[in-house]
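# A closer look at the structure
Letter by letter, the chains look like this.
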Amino acid sequence: MRWVTYAADAGDRVGVIGEDRIHPVAPDVGLVELIGRGAEELRAIGETALASTARTVPLTGTRLRAPIPRPPSVRDCLCFLDHIRSCRQVTGRPRTLDDAWYEIPAFYFACPATIVGPYDEVAVPPGSAWFDFELEIAAVIGPGGRDLTPEQAEEHIIGYTVYNDWSARDLQLRESPLAIGQAKGKDGATTLGPYLVTPDELEPHRRDGRLALRVEAAVNGRTIGSGRTDAMDWSFGEVVSYASRGVDLLPGDVFGSGTVPGCCLIEHLSIADPAAFPGWLRDGDVVELTVEGLGRTRQTVRASGAPYPLARRRNPDGKPRRPRVNRAPAKLPYTRGLHEVGTDVWAWLLPDGGYGWSNAGLVAGEGASLLVDTLFDLPLTAEMLDAVRPITDRHRRAHDRPRPRPGHRPRRDPRGARLPRPRGRAGGRRPLPRPVLLRGDRGGGPGRVRHLAGLRADRGQRPPPLPRARPRHTRTGPADAHGHDGRKGTLVKLPETAHTSRPWRVHELTSDFSIEDVWSFRTPGAGPGDFPAMLAAMRTAGGLAGQTGPSRFLFALRWKLGALFGWDTPSAGVGARVASLRDRLPADLRDAPRGPDSESMPLKAVYELDTEAARELANKTVHTVMHLGWVRGADGDHELRMAVLVKPNGWFGRLYMAAIAPFRYLVVYPALTRQWERAWRERDRDQDRPGHG
């Protein structure tokens, strides 16, 4: 059954959904009271309401509240450890977790007073500019209990609902040094709804005792992340059991699952690929969370006022701060937008871009143009560029006009018309450069600003090149926008975030795998629809036969060792020692094209889509997944990215992966890079050969 709390003329009412209508129960009875009576009585009450001839309410057009508008308590758990790993990675810490994460099902208390309904507007917490959402599901306790086993805890769960843990990331960051748990970064709002769904209705979605619900998060219609709930490392039964130790759980207590990996904004923040970050939530953004079997929430974000300031306490152990005083009178209002602060000097201001410090500015004058910008919110950057473009374009046009030398008489044709002055080095000054986004890369991560001054474009002086955040290389040298140095076959190793920050479908299948490598391959001139062409070119590249002699020798040696020690026997492969990833595919991927198996390698196809494909290999040492993705590069061309994900078979598998790493980096991957990039360059010629038409 699906239960709702909805707004009626006489106050909130409770009802059960029958087709597309709400069948109300007796007035003045809340859902917390009903679920406290247990699953059997709740079912009986629902069946009575569905059979009643009393007036029903159409579901469409009715304002739904949170199913439990004011829970006795709200605990948000951290059941998906991949979300924790990704958040650590974003903040510059290693993805490795301490042992405590594997010993204790962690949770913190959220604020029951700020529960909102599934379609209510949500205000940004005062003082926050880095507002985020988190897609979770929640379990709701029916009859209370204490000191429960995990099995008993599952029986005490009366239903499930969608849970959105709204998060102010900048406030979280400010409060994190306190190390006493979540505070203002988390208690702005928590969404529950639209329904409370009883466990029996979700039984078809259970896999190995866990709910396997497909989820998707979108902002303004753009998908941010997706996944499945059976990737939880800790089950609801385990976290409820842990919370009940020495504590009475009450009817209506809410337990959030923690964020499904990839279904929030912060996990998509990558220094290696800042353009991929969709930006923090702002006034007017619409956030939609969809969970299979539980429904959809749709909420609009609204701005809020500034917080009431609190005076800072004196730190007796700290060094005194130098006072920040600006005694100059203000000549313009400190408001958002473009302001002229002097003759041909303009500033685009953002009074509060986070902590009240972030802003952006432009100085445009005779023969020079300088733009300084913070990085954390790319939509704001686009807004600023749009605002300053008329100014820079105007200076460019003025600067391009020829200027006669003193005493020079303009040339005229026989009819007296003025002739244009020849262009070239003597044809006037160099045009004013267009504004360029200068990335803050001097330590401290995103949000830092590099300030430049004194640059003159009219004296032939070029500003010094700015270092940019780019992937690490296995070779050094000047790099282009992709991170390549212009030589054929240059191997480019990317950080893990280049894979984890993308909404790839493979994330739904590989939560128990670790990332071994992420690589980039150049495909000049490629467009968004050329991934199938790239795969076709790779298949015609010759496989192992088309690689270098050292690479072929290493593979031949590997197969000899495998045959000698029995590493590659059929009993050690996919479908024998390990189950195929195809067994984990959701329904839509199961029906999607699988793609062909590799002819030259024991790689089995898992799926093949328009922008990504996955293949797997297993033996006695490791279960490996090769993921290929199609990504837009920094210069607008698309490029191929390969991620290698592994699950070693015990200590021997880990030792094996460590032993072959130097050979992969020095021989195998460089040869593969040259082969695949050559295949892309020669694809048109290959198609013209006999048998390729």
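Our subject is the structure that appears above.
Notes on the structure in this doc start here.

Another point: the overall build of the chain. When helices and strands are tallied, the chain shows 14 helices and 30 strands. For the chain, the residues scored as buried account for 47% of the 693 residues in total. Summing over all exposed atoms, the chain offers an accessible surface of approximately 35200 Å²; the carbon and sulfur share of this is 53%.

Time to look at the pattern of salt bridges. Using the criterion set out here, one finds 32 salt bridges in the structure. Close ionic contact of R302 with D283 constitutes a salt bridge, the shortest N to O distance being 3.8 Å. Within this pair, whereas R302 is found in strand 20 (residues 295-302), its partner D283 is found in the loop between strand 18 (254-256) and strand 19 (286-291), the two being separated by 19 residues in sequence. Among the residues examined, D283 registers a relative accessible area of 47% and is labelled partly exposed.

What follows deals with the packing of helix 10 (residues 531-539) against helix 13 (residues 650-681). Helix 13 packs onto helix 10 with a crossing angle of 115 degrees between their chain directions and a minimal axis gap of 8 Å. Remark: the crossing between helix 10 and helix 13 carries right-handed chirality. Here helix 10 contributes A533, M534, A537 and M538 to the contact with helix 13, which in turn contributes W676, A679 and W680.

Bringing the nonpolar core into the picture now. The biggest cluster of nonpolar side chains holds 61 residues, and the ones touching the most others in it are F133, W166, F236, L281 and L294. Only strand 1 (2-8), helix 3 (81-90), strand 10 (135-141), strand 11 (157-165), strand 13 (190-197), strand 16 (214-219), helix 7 (236-243) and strand 19 provide two or more residues apiece to this core. One finds W519, A526, W630 and V668 within the second-largest nonpolar core, a separate group that totals 28 residues.

The next point concerns the sheet that holds strand 16. Taken in spatial order, the five strands line up as 8-20-19-16-17 in an open sheet, and their pairing is mixed. Unpaired on one side and paired on the other, strand 8 (122-123) and strand 17 (222-228) mark the two borders of the sheet. Two elements, strand 19 and strand 20, share six bridges in a ladder whose sense is antiparallel. Bridged to V286 within strand 20 is T300.

A word on the side chain of R641. Mapped onto the fold, R641 is located in strand 30 (residues 638-648). A polar contact of 3.2 Å, which involves the side chain of R641, links it to the side chain of E639.

It is worth spelling out unusual backbone geometry at this point. That bond from G193 to P194 is cis: its omega, 0 degrees, falls within 30 degrees of zero. Mapped onto the elements of the fold, P194 is located in strand 13. One non-glycine residue, N220, lies in the positive phi region at around 55 degrees. Here N220 is to be found in the loop between strand 16 and strand 17.

This part is about the packing of aromatic side chains. Within the structure shown, the criterion is met by 14 aromatic pairs. Judged by centre distance (5.6 Å) and plane angle (20 degrees), the rings of F565 and W567 are stacked. Among the residues examined, F565 registers a relative accessible area of 51% and is labelled exposed. Among the aromatic side chains, those forming a connected cluster through ring pairs are F565, W567, W651, F652 and Y656. The ring of Y195 is capped by R2, whose NZ or CZ atom sits 4.9 Å from the centre of that ring. Positioned above the aromatic ring of W519 is the side chain of K493, whose terminal nitrogen or guanidinium carbon lies 6.0 Å from the ring centre.

Procedures and definitions
Residues numbered from 1 in each chain as written. Predicted model: local features only at pLDDT ≥ 70, side-chain atom pairs only at ≥ 80, totals over all residues. Heavy atoms only, no water. Helix = DSSP H or I, 4+ residues; strand = E, 2+ residues; numbered from the N terminus. Buried < 20%, exposed > 50% of the residue type's maximum accessible area, 1.4 Å probe, protein only. Areas by Shrake-Rupley, 256 points an atom, 1.4 Å probe, with all protein chains shown as cover. Salt bridge = Lys/Arg side-chain N within 4 Å of Asp/Glu carboxyl O. Axes fitted to C-alpha atoms, helices over the stretch in contact; angles between N-to-C directions. Left-handed = near helix turned anticlockwise from the far one by under 90°. Contact = heavy atoms within 4.5 Å. Core = buried A, V, L, I, M, F, W, Y, C linked by side-chain atoms within 4.5 Å. Pairing = 2+ DSSP bridges. Polar contact = N/O pair within 3.5 Å; in protein donor to acceptor, adjacent residues only side chain to side chain. Phe/Tyr/Trp six-rings, centres within 6.5 Å; stacked < 30°, edge-to-face > 60°. Lys NZ or Arg CZ within 6 Å of the ring centre and 35° of its normal.

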